[in-house]
Amino acid sequence: AVSAPSDPPIRDAATVIVLDRSAPGGASVLMGQRGAAAAFMASKYVFPGGALDPEDAHARLAQPLDALTMTRLAAEPRAGSPATPDALAAAALRELAEETGLLTGSPGPAPKGWDHYADAGLAPDASALIYMFRAITPPGRTRRFDARFLLLDAEQLHGDRQDFSNACDELSHL
């Protein structure tokens, strides 16, 4: 008998949908194109986000998630998952900063290693994140994620929301 290859482990992830309701011609959302050589979703347009890092569990947030978003993020935990609502919020804000250079926060100390926030003198603020939905990559894929999608109103961003000069090169055509 031929055994089927086992699926890779499911990794927790967080994604931010930045909604700009002030855009000329109507509302817009922020997306970027992944590189052609990316191991996951190559050449696809995606919302900024990524896998939960162990350090996200210890990131100090200036303001916590609101109670409803916290409750929704905590619902139906996956067996063996280390994800907490605060860690998911931290991952979402960290990934947004890394991939786009965009920040939401208030004056204060940034978590260790969060250079974008430290350079701006900001501590990340999760209070404006709104839980939207959760998606788990189906079996049979080379990588699998349990991704939580969070909405952020672009009004909550600091600085020019069209300035991506501090973004890493993971996403293009932001």
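Cut-offs applied
Residues numbered from 1 in each chain as written. Predicted model: local features only at pLDDT ≥ 70, side-chain atom pairs only at ≥ 80, totals over all residues. Heavy atoms only, no water. Pairing = 2+ DSSP bridges. Helix = DSSP H or I, 4+ residues; strand = E, 2+ residues; numbered from the N terminus. Salt bridge = Lys/Arg side-chain N within 4 Å of Asp/Glu carboxyl O. Buried < 20%, exposed > 50% of the residue type's maximum accessible area, 1.4 Å probe, protein only.

A.B. asks: What am I meant to see in the sheet that holds strand β3 (residues 32–34) here?
C.D. replies: In sheet architecture, strand pairing relies on hydrogen bonds along the backbone and comes in two forms, parallel and antiparallel. With respect to topology, three strands assemble into an open sheet ordered β4-β3-β10, the strand pairing being antiparallel. What marks the edges here is a single partner per strand, and that holds for β4 (45–46) and β10 (171–172).

A.B. asks: I keep staring at the pattern of salt bridges and nothing clicks. Help me out?
C.D. replies: Where charged atoms from two side chains of opposite charge approach closely, those side chains can pair. Scanning the entire structure with this criterion turns up 13 salt bridges. Here D153 and R21 are joined by a salt bridge, their closest N and O atoms 2.1 Å apart. Within this pair, whereas D153 is found in strand β9 (residues 144–153), its partner R21 is found in the loop between β1 (10–20) and β2 (28–29), the two being separated by 132 residues in sequence. Classification of D153 by relative accessible area gives buried; the value is 17%. Residue R94 pairs with D53 through a salt bridge whose shortest N-O separation is 3.4 Å. Linking R94 in helix α2 (residues 85–100) with D53 in the loop between β5 (49–51) and α1 (67–74), this pair joins segments that are 41 residues apart in sequence. Looking at R94, the relative accessible area reads 7%, which means it is buried. The partly exposed category is assigned to D53, whose relative accessible area is 29%. Via salt bridges that share partners, D12, R78, R134, D146 and R148 belong to a single interconnected network.

Bear in mind that shape data such as this cannot, by itself, settle questions of function.
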